[in-house]
Amino acid sequence: MKKIALLASMALLAACQSATPPSTTASLDGEVFYLQRIALPPNATLSVSLQDVSLADAPAVVLDEQSGPIKGQVPLPFHLSYDPAQVKPGHRYAVSARIEVDGQLMFITTEQHAVQLDGKDPQPLKVRVNAAR
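Residues numbered from 1 in each chain as written. Predicted model: local features only at pLDDT ≥ 70, side-chain atom pairs only at ≥ 80, totals over all residues. Heavy atoms only, no water.

K.L.:
Describe the overall build of the protein, and please don't skip the residues or the numbers.
P.N.:
When helices and strands are counted, the protein shows 1 helix and 9 strands. Shown N-terminal to C-terminal, the secondary structure of the protein runs as helices and strands in the order α-β-β-β-β-β-β-β-β-β. Taken across its 133 residues, the protein has 29% of its residues classed as buried. For the protein, the accessible surface area stands at approximately 8900 Å², while carbon and sulfur atoms represent 58% of it. (Helix = DSSP H or I, 4+ residues; strand = E, 2+ residues; numbered from the N terminus. Buried < 20%, exposed > 50% of the residue type's maximum accessible area, 1.4 Å probe, protein only. Areas by Shrake-Rupley, 256 points an atom, 1.4 Å probe, with all protein chains shown as cover.)

And the structure:
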């Protein structure tokens, strides 16, 4: 009788595990641009991040970040992935970007680029950066 109960429990556990959907990821694709008519130097780097900006008195929580050397000129494409399970109702989310040259800030977002993360955000997302000087 114990063996039957054990087998039934194992079968039930296996059914529950297979019924759980695998974790999926969602993404935001976009472009970073600026209005100045200047070319970026070949050693420029781009950093773009997706953040939970809900708490005004605490640092933003980064859901994903892309950072690396820039290939080409503006508009600069980016791709951010996130787990929809991390998206909390009532929280606010935003995308920010910065361009640096040799560790010195050249361009940065100065306006909040809010996203809803509900699958209805416009893509490609257009993120404007302004000169830091």
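Okay, back to it.
K.L.:
Account for the side chain of T109, with residues named and values stated.
P.N.:
The topology assignment puts T109 in the loop between β6 (104-108) and β7 (113-115). Relative accessible area serves as the criterion here: at 15%, T109 is assigned to the buried category. Setting aside its immediate chain neighbours within four residues, T109 contacts S96, A97, V127, R128 and V129. (Contact = heavy atoms within 4.5 Å.)

K.L.:
Outline the nonpolar core, supporting the account with residue identities and numerical values.
P.N.:
Core analysis: the biggest nonpolar cluster contains 26 residues, and V32, L40, L50, V95 and I99 have the highest contact counts within it. Taken together, the elements giving at least two residues each to this core come down to β1 (26-33), β2 (44-52), β4 (76-82), β5 (93-101), β6 and β8 (125-128). Ranked by the residues each element gives to this core, the list is headed by β5, at 5 residues. Residues within four places of V32 in sequence aside, it is in contact with L46, V48, V74, P75, L76, F78, A97, V127 and V129. (Core = buried A, V, L, I, M, F, W, Y, C linked by side-chain atoms within 4.5 Å.)

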